[in-house]
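Understanding the architecture of this molecule
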Amino acid sequence: IPREPATILDLCASPGGKSLFAWRLLQPERLVCNEVIGKRLGALDANLKRCNIPNVELLHRDTGKLIESHDKSAEVVIVDAPCSGQSLIARGKKAPGCFHPSTINLNANRQRRILANAAQMVRNQGWLAYMTCTYAAKENEANVRWLTKKFPELAPVEVPPLSKHASHLADFPCYRLWPQDNIGAGAFVAILQKR
(Lines give C-alpha, C1' and ligand atoms only; values in the text may rest on other atoms or scores of the structure.)
Protein backbone atom coordinates (compact mmCIF):
# COMPACT_ATOMS: atom_id res chain seq x y z
CA ILE A 1 0.00 0.00 0.00
CA PRO A 2 1.55 3.31 -1.02
CA ARG A 3 2.43 6.01 1.46
CA GLU A 4 0.61 9.34 1.42
CA PRO A 5 -2.59 8.28 -0.35
CA ALA A 6 -5.13 11.03 -0.97
CA THR A 7 -7.91 9.29 0.98
CA ILE A 8 -8.20 6.44 3.46
CA LEU A 9 -11.74 5.33 4.24
CA ASP A 10 -12.31 3.20 7.35
CA LEU A 11 -15.84 1.83 7.09
CA CYS A 12 -16.21 0.16 10.52
CA ALA A 13 -13.93 2.51 12.41
CA SER A 14 -14.78 2.51 16.12
CA PRO A 15 -12.94 2.67 18.46
CA GLY A 16 -10.38 3.98 15.96
CA GLY A 17 -7.23 1.91 16.43
CA LYS A 18 -6.88 0.88 12.80
CA SER A 19 -7.72 4.39 11.57
CA LEU A 20 -5.02 5.83 13.81
CA PHE A 21 -2.51 3.19 12.74
CA ALA A 22 -3.28 3.78 9.04
CA TRP A 23 -3.00 7.54 9.50
CA ARG A 24 0.35 7.25 11.26
CA LEU A 25 1.81 4.67 8.88
CA LEU A 26 0.50 5.99 5.54
CA GLN A 27 0.06 9.75 6.22
CA PRO A 28 -3.02 10.28 4.01
CA GLU A 29 -4.14 13.72 2.91
CA ARG A 30 -7.62 12.85 4.20
CA LEU A 31 -8.92 10.24 6.64
CA VAL A 32 -12.62 9.34 6.61
CA CYS A 33 -13.81 7.33 9.62
CA ASN A 34 -17.29 5.84 9.46
CA GLU A 35 -19.16 4.04 12.23
CA VAL A 36 -22.68 2.82 11.62
CA ILE A 37 -23.43 1.94 15.28
CA GLY A 38 -24.40 5.17 17.03
CA LYS A 39 -23.34 4.15 20.54
CA ARG A 40 -19.79 3.49 19.26
CA LEU A 41 -19.34 6.98 17.80
CA GLY A 42 -18.34 8.57 21.11
CA ALA A 43 -15.29 6.34 21.57
CA LEU A 44 -14.20 6.90 17.98
CA ASP A 45 -14.58 10.67 18.21
CA ALA A 46 -12.75 10.81 21.56
CA ASN A 47 -9.80 8.76 20.26
CA LEU A 48 -9.43 10.83 17.10
CA LYS A 49 -9.50 14.08 19.10
CA ARG A 50 -7.14 12.73 21.76
CA CYS A 51 -4.59 11.89 19.08
CA ASN A 52 -4.99 15.24 17.26
CA ILE A 53 -5.61 13.70 13.84
CA PRO A 54 -5.79 16.43 11.17
CA ASN A 55 -8.00 16.28 8.09
CA VAL A 56 -10.32 13.66 9.53
CA GLU A 57 -13.99 13.35 8.67
CA LEU A 58 -16.23 11.44 11.08
CA LEU A 59 -19.34 9.84 9.55
CA HIS A 60 -22.29 7.84 10.85
CA ARG A 61 -23.77 6.16 7.76
CA ASP A 62 -24.69 2.77 6.44
CA THR A 63 -22.08 1.63 3.93
CA GLY A 64 -24.77 1.34 1.24
CA LYS A 65 -25.48 5.06 1.59
CA LEU A 66 -21.78 5.94 1.58
CA ILE A 67 -21.40 4.72 -2.00
CA GLU A 68 -23.41 7.74 -3.18
CA SER A 69 -20.81 10.18 -1.87
CA HIS A 70 -17.68 7.99 -1.93
CA ASP A 71 -17.94 5.94 -5.14
CA LYS A 72 -14.39 5.02 -6.23
CA SER A 73 -13.10 7.77 -3.92
CA ALA A 74 -10.45 6.10 -1.75
CA GLU A 75 -7.00 4.69 -2.43
CA VAL A 76 -7.33 2.61 0.75
CA VAL A 77 -10.56 1.21 2.19
CA ILE A 78 -10.41 -0.58 5.55
CA VAL A 79 -13.09 -3.06 6.57
CA ASP A 80 -12.55 -4.37 10.10
CA ALA A 81 -15.85 -6.18 9.85
CA PRO A 82 -18.32 -6.88 12.63
CA CYS A 83 -17.96 -10.60 13.24
CA SER A 84 -18.92 -13.44 15.55
CA GLY A 85 -16.05 -12.37 17.83
CA GLN A 86 -14.63 -15.79 18.57
CA SER A 87 -11.28 -14.32 19.59
CA LEU A 88 -12.95 -12.68 22.60
CA ILE A 89 -12.71 -16.05 24.32
CA ALA A 90 -8.92 -15.97 23.99
CA ARG A 91 -9.03 -12.58 25.75
CA GLY A 92 -10.96 -14.09 28.67
CA LYS A 93 -14.26 -12.46 27.69
CA LYS A 94 -17.66 -13.98 27.12
CA ALA A 95 -19.04 -14.38 23.60
CA PRO A 96 -22.19 -16.48 23.93
CA GLY A 97 -23.12 -18.29 20.74
CA CYS A 98 -20.05 -17.15 18.82
CA PHE A 99 -19.45 -20.65 17.42
CA HIS A 100 -23.10 -21.34 16.57
CA PRO A 101 -23.73 -21.73 12.82
CA SER A 102 -26.57 -19.19 12.84
CA THR A 103 -24.30 -16.54 14.44
CA ILE A 104 -21.58 -17.26 11.90
CA ASN A 105 -24.05 -17.16 8.98
CA LEU A 106 -25.59 -13.89 10.17
CA ASN A 107 -22.18 -12.25 10.40
CA ALA A 108 -20.87 -13.69 7.13
CA ASN A 109 -23.87 -12.28 5.26
CA ARG A 110 -23.52 -8.87 6.92
CA GLN A 111 -19.81 -8.86 6.05
CA ARG A 112 -20.59 -9.65 2.41
CA ARG A 113 -22.93 -6.68 2.19
CA ILE A 114 -20.27 -4.39 3.69
CA LEU A 115 -17.55 -5.85 1.43
CA ALA A 116 -19.67 -5.41 -1.70
CA ASN A 117 -20.21 -1.76 -0.76
CA ALA A 118 -16.54 -1.30 0.13
CA ALA A 119 -15.42 -2.70 -3.24
CA GLN A 120 -17.29 0.10 -4.98
CA MET A 121 -15.49 2.78 -2.95
CA VAL A 122 -11.97 1.65 -3.91
CA ARG A 123 -10.30 3.64 -6.68
CA ASN A 124 -8.64 1.83 -9.58
CA GLN A 125 -5.26 0.54 -8.41
CA GLY A 126 -6.46 1.14 -4.84
CA TRP A 127 -6.47 -1.25 -1.91
CA LEU A 128 -9.05 -2.98 0.27
CA ALA A 129 -7.97 -4.30 3.66
CA TYR A 130 -10.41 -6.87 5.07
CA MET A 131 -10.05 -8.18 8.59
CA THR A 132 -11.97 -9.87 11.36
CA CYS A 133 -11.29 -11.08 14.89
CA THR A 134 -12.90 -14.46 14.38
CA TYR A 135 -11.68 -17.92 13.41
CA ALA A 136 -14.65 -19.01 11.27
CA ALA A 137 -13.59 -19.75 7.68
CA LYS A 138 -17.04 -18.70 6.47
CA GLU A 139 -16.39 -15.17 7.78
CA ASN A 140 -12.82 -15.10 6.49
CA GLU A 141 -11.47 -17.09 3.55
CA ALA A 142 -14.95 -17.87 2.19
CA ASN A 143 -15.85 -14.18 2.17
CA VAL A 144 -12.66 -13.23 0.30
CA ARG A 145 -13.39 -16.01 -2.20
CA TRP A 146 -16.94 -14.68 -2.60
CA LEU A 147 -15.72 -11.09 -2.98
CA THR A 148 -13.22 -11.92 -5.74
CA LYS A 149 -15.88 -13.81 -7.69
CA LYS A 150 -18.33 -10.90 -7.42
CA PHE A 151 -15.62 -8.28 -8.11
CA PRO A 152 -12.95 -10.04 -10.22
CA GLU A 153 -11.03 -6.76 -10.49
CA LEU A 154 -10.07 -7.26 -6.82
CA ALA A 155 -7.12 -9.59 -6.30
CA PRO A 156 -5.59 -10.68 -2.98
CA VAL A 157 -1.93 -9.72 -2.71
CA GLU A 158 0.89 -11.17 -0.70
CA VAL A 159 2.06 -9.40 2.45
CA PRO A 160 5.63 -10.70 2.93
CA PRO A 161 5.93 -9.75 6.64
CA LEU A 162 2.90 -12.00 7.31
CA SER A 163 4.08 -14.95 5.20
CA LYS A 164 4.57 -17.26 8.18
CA HIS A 165 0.91 -16.67 9.06
CA ALA A 166 -0.46 -17.67 5.63
CA SER A 167 -3.82 -19.38 5.90
CA HIS A 168 -3.84 -23.09 5.11
CA LEU A 169 -7.53 -22.76 4.19
CA ALA A 170 -7.01 -20.72 1.02
CA ASP A 171 -5.18 -20.95 -2.28
CA PHE A 172 -4.74 -17.16 -2.33
CA PRO A 173 -2.79 -14.85 -0.01
CA CYS A 174 -4.54 -14.23 3.30
CA TYR A 175 -3.37 -14.53 6.87
CA ARG A 176 -4.45 -15.91 10.23
CA LEU A 177 -2.97 -14.79 13.52
CA TRP A 178 -3.57 -17.26 16.33
CA PRO A 179 -3.50 -16.68 20.10
CA GLN A 180 -0.86 -19.38 20.51
CA ASP A 181 1.49 -17.28 18.35
CA ASN A 182 1.57 -14.71 21.20
CA ILE A 183 0.65 -11.80 18.93
CA GLY A 184 -2.89 -11.18 20.07
CA ALA A 185 -6.14 -13.01 20.61
CA GLY A 186 -6.54 -14.05 16.99
CA ALA A 187 -7.32 -12.31 13.73
CA PHE A 188 -7.72 -12.75 9.98
CA VAL A 189 -6.58 -10.33 7.28
CA ALA A 190 -6.55 -10.14 3.51
CA ILE A 191 -5.28 -7.24 1.40
CA LEU A 192 -6.76 -6.89 -2.07
CA GLN A 193 -5.83 -4.55 -4.91
CA LYS A 194 -8.28 -3.25 -7.51
CA ARG A 195 -6.76 -3.86 -10.93
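Our subject in this report is the structure included herewith.

Scoring rules and cut-offs
- Residues numbered from 1 in each chain as written.
- Predicted model: local features only at pLDDT ≥ 70, side-chain atom pairs only at ≥ 80, totals over all residues.
- Heavy atoms only, no water.
- Helix = DSSP H or I, 4+ residues; strand = E, 2+ residues; numbered from the N terminus.
- Rg over C-alpha atoms; globule rule 2.2 N^0.38 Å.
- Contact = heavy atoms within 4.5 Å.
- Areas by Shrake-Rupley, 256 points an atom, 1.4 Å probe, with all protein chains shown as cover.
- Lys, Arg positive; Asp, Glu negative; His and termini not counted.
- Charge placed at Lys NZ, Arg CZ, Asp CG, Glu CD.
- Core = buried A, V, L, I, M, F, W, Y, C linked by side-chain atoms within 4.5 Å.
- Buried < 20%, exposed > 50% of the residue type's maximum accessible area, 1.4 Å probe, protein only.
- Pairing = 2+ DSSP bridges.

Overview of the overall build of the protein
What the protein contains, in helices and strands, is 5 helices and 8 strands. The linear arrangement of helices and strands in the protein, starting from the amino end, is β-α-β-α-β-α-β-α-β-α-β-β-β. Taken over the C-alpha trace, the protein has a radius of gyration of 16 Å; the compact-globule value for 195 residues is 16 Å, and the two agree within 12%. Of the contacts formed within the protein by residues at least 6 apart in sequence, a portion of 68% connects residues at least 24 apart. For the protein, the computed accessible surface area is about 9800 Å², with 54% contributed by carbon and sulfur atoms. The protein carries 26 positive and 17 negative side-chain charges, and their two centres are separated by 5 Å.

Notes on the nonpolar core
Within the largest apolar cluster, 29 residues are counted, with the highest numbers of intra-cluster contacts made by Leu11, Val77, Val79, Leu128 and Leu147. The element contributing the most residues to this core is helix H4 (residues 101-121), with 6 residues. Sequence-distant contacts of Val79, that is, excluding residues within four places in its chain, are made with Leu11, Cys12, Ile114, Leu115, Ala118, Leu128, Ala129, Tyr130 and Met131. The next biggest cluster of nonpolar side chains, apart from the first, holds 20 residues, and it includes Leu44, Leu48, Ile53 and Ala129.

Topic: the pairing of strand E8 (residues 187-194)
In terms of burial, E8 is largely enclosed, as 7 of its 8 residues are buried. In this sheet, E8 lies alongside strand E5 (residues 122-132) in antiparallel orientation, the contact comprising 6 bridges. Bridge assignment links Thr132 to a residue of E8, and that residue is Phe188. As paired elements, strand E7 (residues 175-177) and E8 share 3 bridges and run antiparallel to each other. Across the sheet, Tyr175 pairs through a bridge with Val189, a residue of E8.

Looking at the environment of Val76
Mapped onto the elements, Val76 comes out in strand E4 (residues 74-80). The buried category is assigned to Val76, whose relative accessible area is 2%. On a C-alpha basis, the gap between Val76 and Leu31 in space is 9.8 Å, while along the polypeptide they are 45 residues apart. Discounting chain neighbours no more than four positions away, the residues touching Val76 are Ile1, Pro5, Thr7, Ile8, Leu9, Leu26 and Trp127.

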